[in-house]
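In case you want the letters, here they are:
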Amino acid sequence: MVDSSEGSAPPDNLSDTLIQRIDALGLPELKSVLSYVERRIEALRTPIEEEIEATAAGEVLKIEDHGAYALVRKHPPNPEGPGVNTDRVSLYHVRREHRMDGTESLHWAYLGDVHNAQQIRCGSCGGILDKEASVCPPCGAENPKYTETEE
């Protein structure tokens, strides 16, 4: 049987006692330790929402945390001066990125602008309406009462 730990040097900042205990574990126990360590890291790190709020350029409107990543809607910075461009809502995919030096940073991927950040829905049938509509196309209601909802 080949020792899979051969050739892999343990980190310098772990005690010899801890390394010996880990090396004595079998595969099922190592998987349990790994799962426990991952949960501990997640419990100790700053929530991604807080990191996004602290580092985002522009005005964050909404953060949808999906665990491994977050979707962020925000007004981008105003290119012509201070403040934000409230005429645009941009959508980003944000995830934590591990660097070679062991640190983490947020990786922002621009997905595009959200052109209709608000949808108008018919109060009768829930169909999507144009703001100027006097008749609901799906149900035919005249002068439909509407509600605004996020896309």
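The text that follows walks through the structure, step by step, so that each part is easy to find. Here the structure is a predicted model, which is why all the values come from computation and not from measurement.

Focus on the nonpolar core
Here's step 1: Residues Ile48, Ile52, Ala56, Val60, Ala70, Val72, Tyr92, Val94 and Leu106 constitute the largest nonpolar core, which totals nine residues.
Here's step 2: Secondary structure elements with two or more residues in this core: α3 (48-55), β2 (70-75) and β3 (90-98).
Here's step 3: Apart from residues no more than four positions distant in its own chain, leucine 106 is found in contact with Ile48, Glu51, Ile52, Thr55, Val94, Arg95 and Arg96.

Digging into the layout of surface pockets
Over the atoms, a rolled probe matching the size of one water molecule traces out where space is still vacant.
Here's step 1: Considered as a void within the structure, the second largest pocket measures approximately 170 Å³ in volume.
Here's step 2: If you trace the second largest pocket, you find it lined by Leu14, Ile22, Leu27, Leu30, Lys31, Val33, Leu34 and Val37.
Here's step 3: Tallying contributions element by element places helix α2 (residues 27-44) first for the lining of the second largest pocket, with six residues.
Here's step 4: Residue composition of the lining of the second largest pocket, grouped by class: seven nonpolar, no polar and one charged.

Quick word on the side chain of arginine 96
Here's step 1: Relative to the helices and strands, arginine 96 is located in strand β3.
Here's step 2: On the basis of relative accessible area, arginine 96 is assigned to the buried category, the value being 14%.
Here's step 3: Engagement of the side chain of arginine 96 in a polar contact is seen with the backbone oxygen of threonine 46, the distance being 2.3 Å.
Here's step 4: Beyond its immediate stretch of four places on either side in the chain, arginine 96 contacts Glu42, Arg45, Thr46, Pro47, Ile48, Glu51, Glu104, Ser105 and Leu106.

What about the pattern of salt bridges?
Here's step 1: All told, the structure shown has eight salt bridges when counted by the stated rule.
Here's step 2: Across the salt bridge formed by glutamate 64 and lysine 62, the nearest N and O atoms sit 3.8 Å from each other.
Here's step 3: Overall, the relative accessible area of 25% leaves glutamate 64 in the partly exposed class.
Here's step 4: For arginine 88, the salt bridge goes to aspartate 113, with nearest N and O atoms at 2.9 Å. Placement of arginine 88 in the loop between β2 and β3 and of aspartate 113 in strand β4 (residues 104-113) is noted, with a sequence separation of 25 residues between them.
Here's step 5: Taking relative accessible area as the criterion, arginine 88 reaches 33% and is therefore assigned partly exposed.
Here's step 6: Accessibility expressed as a relative area gives 25% for aspartate 113, which makes it partly exposed.

Observations regarding the sheet that holds β2
Here's step 1: Pairing is antiparallel in the open sheet, where four strands are placed in the order β1-β2-β3-β4. Of all the strands in the sheet, just β1 (59-65) and β4 have a single pairing partner and so form its edges. In this sheet, adjacent strand axes meet at a mean angle of 30° when their direction is disregarded.
Here's step 2: Sheet topology places β2 next to β3; five bridges connect them, and they run antiparallel. Bridge pairing links leucine 71 to histidine 93 in β3.

With respect to the packing of aromatic side chains
The relation between two aromatic rings is expressed through the spacing of the ring centres and the mutual angle of the planes.
Here's step 1: Summed over all chains, the structure comprises two aromatic pairs.
Here's step 2: Centroid distance tyrosine 92 to tryptophan 108: 5.4 Å. Interplanar angle 80°. Geometry classified as edge-to-face. Taken together, the residues tyrosine 92 in strand β3 and tryptophan 108 in strand β4 connect sequence positions 16 residues apart.
Here's step 3: Of the residues examined, tyrosine 92 reaches a relative accessible area of 15% and is grouped as buried.
Here's step 4: Among the aromatic residues, those joined into a ring-pair cluster are Tyr92, Trp108 and Tyr110.
Here's step 5: Sitting over the face of the ring of tryptophan 108, lysine 74 holds its NZ or CZ atom 5.8 Å from the ring centroid.

The rules behind each value
Residues numbered from 1 in each chain as written. Predicted model: local features only at pLDDT ≥ 70, side-chain atom pairs only at ≥ 80, totals over all residues. Heavy atoms only, no water. Core = buried A, V, L, I, M, F, W, Y, C linked by side-chain atoms within 4.5 Å. Buried < 20%, exposed > 50% of the residue type's maximum accessible area, 1.4 Å probe, protein only. Helix = DSSP H or I, 4+ residues; strand = E, 2+ residues; numbered from the N terminus. Contact = heavy atoms within 4.5 Å. 1 Å grid on protein atoms, 1.4 Å probe; cavity = no way out; pocket = protein on both sides within 12 Å on 5 of 7 lines; lining within 4 Å. Points joined across faces, edges and corners; volume = space filled by probe spheres on them. Nonpolar A, V, L, I, M, F, W, Y, C, P; charged D, E, K, R; others polar. Polar contact = N/O pair within 3.5 Å; in protein donor to acceptor, adjacent residues only side chain to side chain. Salt bridge = Lys/Arg side-chain N within 4 Å of Asp/Glu carboxyl O. Pairing = 2+ DSSP bridges. Axes fitted to C-alpha atoms, helices over the stretch in contact; angles between N-to-C directions. Phe/Tyr/Trp six-rings, centres within 6.5 Å; stacked < 30°, edge-to-face > 60°. Lys NZ or Arg CZ within 6 Å of the ring centre and 35° of its normal.

Everything listed here is a matter of coordinates, which is why it stays silent on function.
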